[in-house]
Each structure stands twice: as C-alpha cells, then as structure tokens.
Amino acid sequence: MSRQPRLRVQPATLIANDTPEDHAKAIAEIIADADEITIAVAFLKLGGADFLAPKLSKRLKAGAVVELFVGTDFYLTQPSALERLFELKNQHPACKVSVADKASATFHPKAYLTRRGNSYRTLIGSANLTQGGLKSNDELSMCVTHTKGDDFTRALLDTFNRYRVGKRFQDLDPLVLQQYASRYEINERERKKFEKARDAALPAGFDLRVIEAWYARYLADPQAVSDLADRKQRRSEALKVQRRIAALKDGRLDQASRIAFQDGLRDLMTSKGGRHLWGSGDIHRRGTEALSHPKPMIELFASAQTAARRPPREGYELIRKLAYPIPGVGLNMATEILCNFAPDRYAIYNGNTVGALGALGIAAPQFANFQAIGPARYEGLCATIKALGARLGGANFSESDAFLNWLYWKTKKAKPS
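A brief report on the enclosed structure follows. Remember, it's a predicted structure, so these values are computed and weren't measured experimentally. (Residues numbered from 1 in each chain as written. Predicted model: local features only at pLDDT ≥ 70, side-chain atom pairs only at ≥ 80, totals over all residues. Heavy atoms only, no water.)

## Some thoughts on the environment of His 108
Consideration 1: Along the chain, His 108 turns up in the loop between strand S4 (95–100) and strand S5 (110–116).
Consideration 2: Considered as a pair, His 108 and Gly 380 are 272 residues apart in the sequence and their alpha carbons are 34 Å apart.
Consideration 3: Apart from residues lying up to four places away in sequence, His 108 is in contact with Ala 42 and Phe 43.
Consideration 4: Side chain to side chain, His 108 and Lys 110 meet in a polar contact 3.0 Å long. (Helix = DSSP H or I, 4+ residues; strand = E, 2+ residues; numbered from the N terminus. Contact = heavy atoms within 4.5 Å. Polar contact = N/O pair within 3.5 Å; in protein donor to acceptor, adjacent residues only side chain to side chain.)

Now the structure itself:
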C-alpha cells in the first residue's frame, strides 16, 4: 500500500450548510475565476446540475477547461441531470463529462478542484451535486488553498488522472445517456414496488417522538397511574409468594406442601381462587395445568431465585430448559417469575409486549414462546426494553411492562366480527 501524503495546505475553511457560507456559495466562489475545474461526485441531481451549469458555461466562455466525473451507483443520479451536462458538453468542446460504470466498489467522492495560475482551491467533503447537498442537508466539507507542486496537489491530480485512464468511466454520449436512463427507469419502477411492499410489511416508523408522545398520554391517564401504583403493591406481594414457593424445595413434598404451592401459584396468576398478583392477564389460561405438577414447579421457582442473580442470557437459558417440559408453563410465566425476582435485570415478554413494541416501530419476534426466543434473543430484548425504560424514566422492567401493557390495549386493533 502506498504511503498517503501528509496534508500540507495553506488556509482552510470549514463549510457547513447551516452557516451563511454553505456549499453552494463556497463552490460558486472557487469556480468564479478558475482556469481549470475538475469535479468528481457520487450523485448528481437536476437541482445540482441547474446550479452548476450556468457557472461552468461562464467559465468555459472565458477559456477555462472543465471536467466532471459522475457516479451512477444505486441509480441516484438523475438522467435529466446528465442531460443538462450533456447539453453543456455539446456547447463547449473544452467540457468533458465522464460517467462511472457499475463496479465492485462504489464511486463515492465529493471533490471540487479548481486552479487559477499556480494556485489551487479545493473543496472536499460530503456534499454531492444535489439541491440538498448544496444547501439543505447536514453536510460538512473543507475548502483548502494549495499550490502547484506540493504533496497534496500531486495526490489530487494523481487521483483524477486515475479516473481518466481507468476503464470504469465512459464518455457521456447519447448511447451512454440512453442506456443509463433505461436502467434508471426500470430501477425507479421496481423501487416504488419494493417501498410499497416494505412499508406495508414494516411496523410504524421508529421515532423517539412517537414514544415520548405515547408516554405523555400514559402519564396523563389517571387509571394508568392508579394501576401502576396497584401493580407496585402487587409485585411486592408476588415476590413474597414466589420466595415461599421456592422455599418449599427444602422440605418434603407432602400434602401440606402441595396445597401451599397451589395456593401460592393461584395467588400469582389468577383471580379465581387467588389474588392475581402477576401483571399478565392470561397466564391462568394455560398456567392452571402447572398446578398439577408441584415438584418441577417448585424446582423452577427455586432455580429462578438463584438464576435471577445471573446476566439475562445465562439465567434465562437455565430457566428455559427447566420450564419448557412443564405443562402450562410458557415464556410469559417464566419471564414473570424472573422479573419478580430481579426487576432490574429481567424483562417480561409476552404477546402484549410484541404488540406494544410494534406500535412503537420496534420490530420484535412475533411469537412469544420458548422456540422463538432463545437466550441471545431474550438478552437483546431485555437490552431494548431497558433502553426504552431509561428514556421514559421507568424505574425497572416491571414499570416498563406496565407502560407496554397499557400501550398494547390502547393500540390493539379490534378483530372483525
């Protein structure tokens, strides 16, 4: 690999579009009295061509030499913009326009080199020849002054000469223009089809302002605030019940222990014969099956109490293996147990979570079950929900779950009758 020259230049100016000295003004200034103008851009649009063409025409009439290298990757360069430059090229023999063919590497420079006598001025940065690049986008470039013969100038001239002699570039003529225009038209047609299908398939656009707006509505909902206070109290009671069930592991599984386990589990998951201390509303639909399996369930609670001290991936992996064979125990119940033991570390994940995250534009696994949610996936979901809670001021995963559950019911679409 050749050693890159050190940048030794004279005065340099930072160019940004949020200042009076935007890219349009800076480019116009360095072109204004140039004898030679060489430009390489990745993308060219009609707004950029309309801005540049009159300025180049003026310099060409004054005897300047102009050369442009234009990229066509991703079909972002507009054929109408190339037509504008083709007209300029036809009017002025000293104007050359070359178009980059597709290649393994994207043609992506944004460089505007001008020379007057032995003095050079060059703008290099992020701005393409588009209306946005020139004025409205967040762009950043350096405009530098340098002289003939220094390392920086030689490096720039060598780069442009590499473009000239390389096989990638084609002289812009009617054949090249028509061929590109045909491909561009096909790409535009297919792009619109793809975007329509993509927008239909993807969840709502991810926008932090949407999240903040929903959370403001949540805080303004008196019933939600009341439910959160009640949830905190029930969570405290649920933790006591889970610990009592886990403690049954140390004794003999007699009739009294079985009854204590069943009473405890009912208290956690249902209001029918229990206190429904867990936040999830439908665990009892499947969970009642687990009442008939006290031994593995007690083992599950005892192991979860220990596993909850571990990082989410490790603890979840252990509990997933223990819970999977037990009838009536699914992802919802397993993560409820973990979250109650460690609400700062383990998130609850169920169908309501899926729906709420989708309403916020956050893609999540559609099926809330052990097959779909492996340890690595669960760890990632915990990280996502934790970041969400941190932005909203939630104290722990339990409070985040309260918000997500509220959001699910607010955004749930009614099933057609």
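That covers the picture; the talk isn't over yet.
## Side note on the layout of surface pockets
Consideration 1: As a volume, the largest pocket reaches approximately 670 Å³.
Consideration 2: Forming the boundary of the largest pocket are 31 residues, of which Asp 282, Ile 283, Asn 332, Asn 350 and Gly 351 lie nearest the centre.
Consideration 3: Listing elements by their share of the lining of the largest pocket, those giving two or more residues are helix H10 (283–287), helix H13 (331–341), helix H14 (351–359) and helix H16 (397–411).
Consideration 4: Here the lining of the largest pocket takes five residues from H16, the largest share from any one element. (1 Å grid on protein atoms, 1.4 Å probe; cavity = no way out; pocket = protein on both sides within 12 Å on 5 of 7 lines; lining within 4 Å. Points joined across faces, edges and corners; volume = space filled by probe spheres on them.)

## Description of the packing of helix H9 (residues 255–269) against helix H11 (residues 294–307)
Consideration 1: Running from N to C, H9 and H11 point in directions that differ by 60°, and their axes come no closer than 11 Å. One way to sum up the angle between H9 and H11 is to call them oblique. As H9 packs across H11, the resulting crossing turns out to be left-handed. Of the residues in H11, those in contact with Arg 258, Phe 261, Leu 265 and Leu 268 of H9 are Pro 294, Met 297, Ile 298 and Phe 301. (Axes fitted to C-alpha atoms, helices over the stretch in contact; angles between N-to-C directions. Parallel < 35°, antiparallel > 145°, perpendicular 65-115°, else oblique. Left-handed = near helix turned anticlockwise from the far one by under 90°.)

## Topic: the pattern of salt bridges
Consideration 1: Evaluated as defined, the whole model comprises 27 salt bridges.
Consideration 2: Each of the salt bridges in this network shares a partner with another, and the network as a whole consists of Arg 231, Arg 235, Glu 336 and Asp 401. (Salt bridge = Lys/Arg side-chain N within 4 Å of Asp/Glu carboxyl O.)

## Quick look at the side chain of Arg 168
Consideration 1: Tracing the backbone through its elements, the reader meets Arg 168 in the loop between helix H5 (151–165) and strand S8 (169–171).
Consideration 2: Classification of Arg 168 as buried rests on a relative accessible area of 19%.
Consideration 3: For Arg 168, the side chain forms a polar contact with the main-chain oxygen of Asp 101, separated by 2.8 Å.
Consideration 4: If we ignore the near neighbours within four places in the chain, the residues touching Arg 168 are Asp 73, Val 99, Ala 100, Asp 101, Lys 102, Ala 103, Ala 105, Thr 106 and Phe 107. (Buried < 20%, exposed > 50% of the residue type's maximum accessible area, 1.4 Å probe, protein only.)

## Digging into the pairing of strand S3 (residues 65–70)
Consideration 1: For S3, the tally of buried residues reaches five of six residues, placing the bulk of the element in the interior.
Consideration 2: For strand S2 (residues 36–41) and S3, the ladder comprises six bridges, and the chain directions are parallel. Each residue of the ladder has a partner; that of Ile 37, found in S3, is Val 66.
Consideration 3: The parallel pair S2 and S3, bridged by helix H2 (residues 46–61), forms a crossover whose chirality is right-handed.
Consideration 4: Bridging between S3 and S4 involves five bridges; their strand directions are parallel. What sits directly across from Phe 69, in S4, is Ser 98.
Consideration 5: Handedness of the crossover joining S3 and S4 through helix H3 (residues 79–91) is recorded here as right-handed. (Pairing = 2+ DSSP bridges. Right-handed = clockwise from strand over helix to strand, strands pointing away.)

## Digging into the packing of aromatic side chains
Consideration 1: Evaluated as defined, the whole model comprises 19 aromatic pairs.
Consideration 2: On the basis of an interplanar angle of 80° and a centroid distance of 5.4 Å, the ring pair of Tyr 215 and Phe 403 is categorised as edge-to-face. Taken together, the residues span a long stretch of sequence, with Tyr 215 in helix H7 (residues 208–219) and Phe 403 in helix H16 at a distance of 188 residues.
Consideration 3: Residue class for Phe 403 comes out buried when judged on its relative accessible area of 2%. (Phe/Tyr/Trp six-rings, centres within 6.5 Å; stacked < 30°, edge-to-face > 60°.)

## Some details on the sheet that holds S3
Consideration 1: Strand order in the open sheet made by the eight strands is S1-S7-S6-S5-S2-S3-S4-S8, with mixed pairing throughout. Bordering the open sheet on either side are strand S1 (12–16) and S8, each of which pairs with just one other strand. With direction set aside, neighbouring strand axes in the sheet form an average angle of 15°.
Consideration 2: Bridge count between S5 and strand S6 (residues 119–125): six bridges; the pairing is antiparallel.

## Remarks on H16
The α-helix advances 3.6 residues per turn, and as a result positions three or four apart in sequence lie on the same side.
Consideration 1: With 15 residues, H16 should reach 21 Å at 1.5 Å per residue; the first-to-last C-alpha distance of 21 Å fits that figure.
Consideration 2: Summarising burial for H16: 11 of the 15 residues are buried, a large majority.
Consideration 3: Within H16, the full set of buried residues consists of Phe 397, Ser 398, Glu 399, Ser 400, Asp 401, Ala 402, Phe 403, Leu 404, Trp 406, Leu 407 and Tyr 408.
Consideration 4: Buried-residue contacts for H16 involve H7, helix H8 (222–247), H13, H14 and helix H15 (375–392).
Consideration 5: Its side-chain oxygen at 3.0 Å from the backbone nitrogen of Ser 398, Asn 396 defines the N-terminal cap of H16. (Expected span 1.5 Å × (residues − 1).)

## Concerning unusual backbone geometry
Excluding glycine, residues mostly have negative phi values, and the peptide bonds linking residues are mostly trans.
Consideration 1: Despite not being glycine, Phe 74 has its phi angle at roughly 65°, a positive value.
Consideration 2: With respect to the helices and strands, Phe 74 occurs in the loop between S3 and H3.
Consideration 3: Since its relative accessible area comes to 52%, Phe 74 is described here as exposed.
Consideration 4: Positioned with a positive phi, Tyr 75 is a non-glycine residue whose angle comes to about 55°.

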